[in-house]
Amino acid sequence: QVQLVESGGGLVQAGGSLRLSCVASGRSTFSINAIGWYRQAPGKQRELVARITSGGSTYYADSVEGRFTISRDKVKNTVYLQMNSLKPEDTAVYYCDLEGYGRDYWGQGTQVTVSS
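A few points on the structure. (Residues numbered from 1 in each chain as written. Predicted model: local features only at pLDDT ≥ 70, side-chain atom pairs only at ≥ 80, totals over all residues. Heavy atoms only, no water.)

For the rest of this paragraph, the subject is the overall build of the chain. Secondary structure assignment for the chain yields zero helices and 11 strands. Going from N to C terminus, the chain has its helices and strands arranged as β-β-β-β-β-β-β-β-β-β-β. Here the chain has a C-alpha radius of gyration of 13 Å; the compact-globule value for 116 residues is 13 Å, and the two agree. Overall, the C-alpha framework of the chain stretches about 40 × 25 × 25 Å when taken along its three principal axes. Taking all 116 residues of the chain together, the buried fraction comes to 43%. When contacts within the chain are restricted to residue pairs at least 6 apart in sequence, long-range pairs at least 24 apart make up 53% of them. In the structure as shown, the chain presents an accessible area of about 6100 Å², 47% of it carried by carbon and sulfur atoms. (Helix = DSSP H or I, 4+ residues; strand = E, 2+ residues; numbered from the N terminus. Rg over C-alpha atoms; globule rule 2.2 N^0.38 Å. Buried < 20%, exposed > 50% of the residue type's maximum accessible area, 1.4 Å probe, protein only. Contact = heavy atoms within 4.5 Å. Areas by Shrake-Rupley, 256 points an atom, 1.4 Å probe, with all protein chains shown as cover.)

This model, assessed by the stated rule, comprises one disulfide. The disulfide partner of Cys 22 is Cys 96, and the gap between their sulfur atoms is 1.9 Å. Taking the sign of the S-S torsion, about -75° here, the bridge from Cys 22 to Cys 96 comes out left-handed. With Cys 22 in strand S3 (residues 18–25) and Cys 96 in strand S9 (residues 92–100), this residue pair connects regions lying 74 residues apart in the sequence. (Disulfide = S-S within 2.5 Å.)

Let us look at the pattern of salt bridges. Overall, the coordinates contain four salt bridges when judged by the stated rule. Arg 39 is the partner of Glu 47 in a salt bridge, and the nearest nitrogen-oxygen pair spans 2.7 Å. Residue Glu 47 is classed as partly exposed on the basis of its relative accessible area of 34%. Among the residues examined, Arg 39 registers a relative accessible area of 5% and is labelled buried. Residues Asp 90 and Arg 67 are paired through a salt bridge, measuring 2.8 Å at the closest nitrogen-oxygen approach. In this pair, Asp 90 sits in the loop between strand S8 (78–83) and S9 while Arg 67 sits in the loop between strand S6 (58–60) and strand S7 (68–73), placing the two residues 23 residues apart along the sequence. Across this residue pair, the class does not change: Asp 90 and Arg 67 are buried. (Salt bridge = Lys/Arg side-chain N within 4 Å of Asp/Glu carboxyl O.)

Scanning all chains against the criterion turns up two aromatic pairs. Taken together, a centroid distance of 5.0 Å and an interplanar angle of 65° make the contact between Tyr 38 and Trp 106 edge-to-face. Of this pair, Tyr 38 sits in strand S4 (residues 32–40) while Trp 106 sits in strand S10 (residues 103–106); the two residues are 68 residues apart in sequence, bridging distant segments of the chain. Take Tyr 38: its relative accessible area is 19%, and that puts it in the buried class. (Phe/Tyr/Trp six-rings, centres within 6.5 Å; stacked < 30°, edge-to-face > 60°.)

A word on the environment of Leu 4. If you trace the backbone, Leu 4 turns up in strand S1 (residues 3–7). Relative accessible area serves as the criterion here: at 7%, Leu 4 is assigned to the buried category. Note: C-alpha distance between Leu 4 and Gly 107 (103 residues apart in sequence) is 4.7 Å. Look past the residues within four positions of Leu 4 in its chain and what remains in contact with it is Cys 22, Val 23, Ala 24, Cys 96, Asp 97, Leu 98, Tyr 105, Trp 106, Gly 107 and Gln 108.

Treat this as a map of the structure, not an account of what it does.
So this is what it looks like as structure tokens:
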């Protein structure tokens, strides 16, 4: 079993920054394919924001390209999402998703609210 715990969300003014963390525990990281950050705003579908593979390749949604950076610390089993130049439309619950062991594992989410 894999457990994911997100943290770092909060309330920030437009133009501000936050760093989200996703800590994975419970199993070896050997069979992890990728870890992604998703977000879901009220009334909208969950969308992929950023993703990093086991090989270090990254993907960003067009809406966050140049503002968000995904990174990882293998020693700490942690993936980060640095979010800069935040906009009100970035307001959502952010979820961490681990792809591995033949399935997806999700965290409980962390709320990010950007005020205008």
